[in-house]
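Here is what each chain is made of, one letter per residue.
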Amino acid sequence: MRGWWQEIVGLVLPVACAGCGRPRTELCEECAAGVAAGPRRVRPAPEPAGLPVVHAAAPYENAVRAMLLAHKERGALGLAGVLGGALAAAVRAGAGYPGERGPLLLVPVPSTRRATAGRGHDPVRRIATAAAAELRRGGTSARVLAVLGQRRAVADQAGLGARERQANLAGALVVADGGRRLIGGGRVVLVDDLLTTGASLAEAARAVREVAEVCAGPAAARASSDTSAGTGGADDAGEGAPDGLRAAVVAASPSAFEINRN
């Protein structure tokens, strides 16, 4: 029945696969499988200070790139489920054992207000919501905690290099007052749709650790920050910085998959 209905819809309102352009389907089976190829730890080069351990579901190329752009820039909201499933797999790969230290708190990296208004939706938050639902279906307690916001204007990141992006974002994010007490209620996993230079995730991590410093005391926060400043660390999900902060993305630059500093 579903296949018959899709054929009729494809004739009246032509659609094409967001990944490869195949006609009469919003997303073909091959492209859907490609975004769930298997999450791995990724590391940009140069690696920004403070970047937590990051896992990505797939390299940002070909069909995966086309799918993320279709969802983000062209409003293909039907892709949120598949992209959320991929993000959930990346979260699982990096978050450790289920039930360890409370529920998973997926904290999206925020877009600028101008970008969100221009797109008509918040793509990262939408994907994070789908990922949290997928994690709960698998028996993992998870919810979205959209507590990060911008406290100052930033320039468009397009065309900026790694160092320029870090300077552009330095000190730009803050945890909302209402979210400060919620951060300590579980295991925080920073989430984004894409990792390129790592500047956005590093700045998000700084903002979250700043709250941890207030809640847990400066000595504990300094210790966790010093050991998670991008100077190495184990590749296993259960190892890494003492603050336990992790990050997950749908996709990362292909070169980030190739770097191995172990």
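Everything here concerns the structure above.
These numbers were taken from a predicted model, which means no experiment stands behind them. (Residues numbered from 1 in each chain as written. Predicted model: local features only at pLDDT ≥ 70, side-chain atom pairs only at ≥ 80, totals over all residues. Heavy atoms only, no water.)

**Comments concerning the side chain of threonine 25**
- Note on placement: threonine 25 falls in the loop between α1 (2-12) and α2 (29-34).
- On the basis of relative accessibility, which here comes to 19%, the residue threonine 25 falls in the buried class.
- If we ignore the near neighbours within four places in the chain, the residues touching threonine 25 are Val15, Ala16 and Cys17. (Helix = DSSP H or I, 4+ residues; strand = E, 2+ residues; numbered from the N terminus. Buried < 20%, exposed > 50% of the residue type's maximum accessible area, 1.4 Å probe, protein only. Contact = heavy atoms within 4.5 Å.)

**Quick notes on the sheet that holds strand β2 (residues 53-59)**
- Taken together, the six strands give an open sheet; going across it, the order is β1-β2-β8-β7-β3-β4, and neighbouring strands pair in mixed fashion. In this open sheet, the two edge strands, each paired with only one partner strand, are β1 (40-42) and β4 (142-144). Neighbour-to-neighbour, the strand axes of this sheet turn through a mean angle of 35°, independent of strand direction.
- Lying over the sheet, helix α3 (residues 62-73) contacts β2, β7 (187-195) and β8 (246-252), oriented at roughly 105° with respect to β8.
- Across the sheet, helix α4 (residues 80-95) lies against β2, β3 (104-108), β7 and β8, angled at about 140° from β8, the strand it touches most. (Pairing = 2+ DSSP bridges. Axes fitted to C-alpha atoms, helices over the stretch in contact; angles between N-to-C directions.)

**A word on α3**
- Between its first and last C-alpha, α3 extends 16 Å over twelve residues, near the 16 Å set by a 1.5 Å rise per residue.
- Just downstream of α3, glycine 75 is the residue with a positive phi angle, here 70°. (Expected span 1.5 Å × (residues − 1).)

**Details of the packing of α3 against helix α6 (residues 123-137)**
- Interaxial distance between α3 and α6 falls to 9 Å at its minimum, and their mutual angle equals 110°. Taken together, the axis directions place α3 and α6 in an arrangement best described as roughly perpendicular. Seen along the crossing, α3 lies across α6 with a hand that is right-handed. Listed contacts from α6 to Leu68, His71 and Lys72 of α3 are Pro123, Arg126 and Ile127. (Parallel < 35°, antiparallel > 145°, perpendicular 65-115°, else oblique. Left-handed = near helix turned anticlockwise from the far one by under 90°.)

**Things to note about the environment of glycine 102**
- Turning to its location among the elements, glycine 102 is positioned in the loop between α4 and β3.
- Along the chain, glycine 102 and valine 188 lie 86 residues apart, while their C-alpha atoms are 9.8 Å from each other.
- Beyond its immediate chain neighbours, meaning those up to four positions away, glycine 102 contacts Gly186 and Arg187.

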